[in-house]
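One letter stands for each residue in the lines below.
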Amino acid sequence: MRRILLCCAALLCPFFVHAVEVTSLPVASNVPGGVAIVETAMTATEGHYRNDKIMLVDFEGTQYAIIGIPLNAAIGEHSLTLESADGTKVTRLFTVQDKLYVEQRLTITNERQVNPNNDDMVRINRESAEMNEAFSSWDETLQPVFAMRAPVDGVRSSSFGLKRFFNEQPRAPHSGMDIAAPEGTPIYAPAPGVVRSTGEYFFNGNTIILDHGHGLISLYCHMNTIDVAPGTRVEAGEQIGKVGQTGRVTGPHLHWSINLNNVRVDPALFIQD
Ligand SMILES: [Zn+2]
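Every value quoted in this text rests on a predicted model; they were computed, and no experiment measured them.

Observations regarding the domain arrangement of the protein
- In terms of domain boundaries, the protein breaks down into domain 1 (2–96) and domain 2 (103–269).
- Domain 1 puts 25 residues into the contact, and the matching count from domain 2 is 20 residues.
- Where domain 1 abuts domain 2, roughly 1,800 Å² becomes buried across the two surfaces, and 67% of that area is made up of carbon and sulfur atoms.
- When the area that domain 1 buries against domain 2 is broken down by residue, the three leading residues are Lys53, Met55 and Leu71, summing to 31%.

What about the packing of aromatic side chains?
- Considering all chains together, one arrives at 4 aromatic pairs under this definition.
- Relative to phenylalanine 203, the ring of phenylalanine 202 lies with its centre 5.0 Å away and its plane at 85°, an arrangement referred to as edge-to-face.
- We classify phenylalanine 202 as buried; its relative accessible area is 9%.

Overview of the pairing of strand 19 (residues 239–243)
- Where strand 14 (residues 186–188) and strand 19 come together, 3 bridges link them in antiparallel fashion. Residue pairing in the sheet places tyrosine 188 in a bridge with glutamine 239 of strand 19.
- The pairing of strand 17 (residues 217–226) with strand 19 spans 3 bridges and is classified as antiparallel. Its bridge partner being in strand 19, threonine 225 is matched across the sheet by lysine 242.

Overview of the coordination of the zinc ion
- Note on the zinc ion: its protein donors are His174 (NE2), Asp178 (OD) and His255 (ND1). The metal-donor distances range over 2.0 to 2.1 Å.
- Expressed as a motif, the donor residue spacing for the zinc ion is H-x3-D-x76-H. Here histidine 174 is found in the loop between strand 12 (169–171) and strand 13 (177–180), whereas its partner histidine 255 is found in strand 20 (residues 253–260), with 81 residues between them in sequence. Residue histidine 174 shares its accessibility class with histidine 255, and that shared class is buried.

A look at the sheet that holds strand 12
- Taken together, the 3 strands give an open sheet; going across it, the order is 9-11-12, and neighbouring strands pair in mixed fashion. The open sheet terminates on both sides in strands that have one partner only, identified here as strand 9 (103–106) and strand 12. Each neighbouring strand pair of the sheet contributes to a mean axis angle of 30°, computed without reference to strand direction.
- As defined by bridge partners, strand 9 adjoins strand 11 (residues 163–166) across 4 bridges and the pair is classed as parallel. Along strand 11, the bridge assignment pairs arginine 105 with phenylalanine 165.

Describing the pairing of strand 16 (residues 205–211)
- Extensive coverage of strand 16 is indicated by the burial of 7 of its 7 residues.
- One ladder, built from 7 bridges, connects strand 15 (residues 193–201) with strand 16; its direction is antiparallel. Bridge pairing links glutamate 200 to asparagine 206 in strand 16.
- The turn linking strand 15 back onto strand 16 is made up of 3 residues.
- Where strand 16 lies against strand 17, 5 bridges are found, and the strand directions are antiparallel. What sits directly across from aspartate 211, in strand 17, is isoleucine 217.

Cut-offs used in this document
- Chains are numbered independently. Their residues run from 1 in the order of the written sequence.
- Owing to the predicted nature of the model, reporting of local features is limited to residues with pLDDT of at least 70; listing and counting of side-chain atom pairs is limited to 80 or more, with chain, interface and lining totals taken over all residues.
- With hydrogens and water excluded, all non-hydrogen atoms of the structure serve as input to the side-chain values.
- Domain borders in the structure are assigned automatically or taken from a domain database.
- In this analysis, two residues are considered to be in contact whenever any of their non-hydrogen atoms come within 4.5 Å of each other.
- Buried area is calculated as the accessible area (1.4 Å probe) missing from two parts once they are joined, with the contributions of both summed.
- When the centres of two rings from Phe, Tyr and Trp lie within 6.5 Å, Trp using its six-membered ring, the rings pair. Their planes under 30 degrees apart give stacked, over 60 give edge-to-face, and anything left gives tilted.
- The rule is simple: take the accessible area with a 1.4 Å probe, protein chains only, and divide by the maximum for that residue type; under 20% is buried, over 50% is exposed, in between is partly exposed.
- Strands pair, by our definition, only if DSSP identifies at least two bridges between them.
- By the criteria applied, helices consist of DSSP H or I runs no shorter than four residues and strands consist of E runs no shorter than two, each listed in order from the N terminus.
- Sites may look incomplete because water is not among the atoms; the donors themselves are N, O and S atoms within 2.8 Å of the metal, or within 3.2 Å for Na, K and Ca.
- Orientation is described by lines fitted to C-alpha atoms, with helices fitted over the stretch in contact, and by angles between N-to-C directions that extend from 0 to 180 degrees.

What follows is the structure, encoded as structure tokens:
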């Protein structure tokens with residue numbers, strides 16, 4: 001009954017319900033690449049962090065802002081803004097603590113995957129714009145689920161955030177979790193969502209982007225096969241593809257990343273075995 005009343009109220013007043021009800025929270029980790037969970041102490045209708053919209057959730061009757069902290073975030077105090085239905089804006093602060101991410105050095109035999117040529121760069125820029133568009137999706141019709149199962153049975157590395165060197169050249173830090181498994185191992189959706197896009201990309205190989213709603217988006221790379229089409233609704237545990245070694249890899253594995261407010265955060269904070 002309460003749900004029906006809320007829905008009716010939402011229809012009458014589009015500014016009424018903006019926090020989505022969730023059944024669990026991710027693990028809070030106030031470090032670069034982590035997730036900050038901040039109690040709003042109000043009924044906020046919208047929130048922003050670094051100009052990006054952030055997720056507001058209702059968990060057991062309390063409203064929280066769930067914020068993805070970028071890997072390049074400065075250590076110290078950060079602020080978010082919250083807005084209420086009457087337009088009042090308030091600021092909330094949270095502290096980001098230091099985390100040491102060590103270096104990882106990898107050897108790639110395909111030199112073009114380390115130093116792409118001009119044609120490759122045109123392709124890479126086009127693909128990264130395409131993926132960015134999917135990462136900035138904001139779908140309020142989906143109810144995010146934070147309690148995820150690992151998408152593949154395999155050896156989970158703790159490689160998120162590592163400072164990477166390919167053939168001794170510095171590159172962007174590792175923005176996901178690598179799970180090693182033999183080629184052909186099934187990959188399952190770790191949580192319900194909608195297939196936002198699929199593609200065959202220069203670095204990421206065969207790729208799927210799943211939208212779980214309210215800015216929670218996951219990415220699956222280097223797949224052998226993609227078993228779902230864009231726009232398809234998938235449930236937790238449904239097979240979406242198979243492990244492969246397409247794109248820039250040193251062997252078969254799944255690269256899995258989680259995005260919140262278009263920020264890559266540590267997938268380990270979402271796995272609940
Ligand atoms: Zn990876």
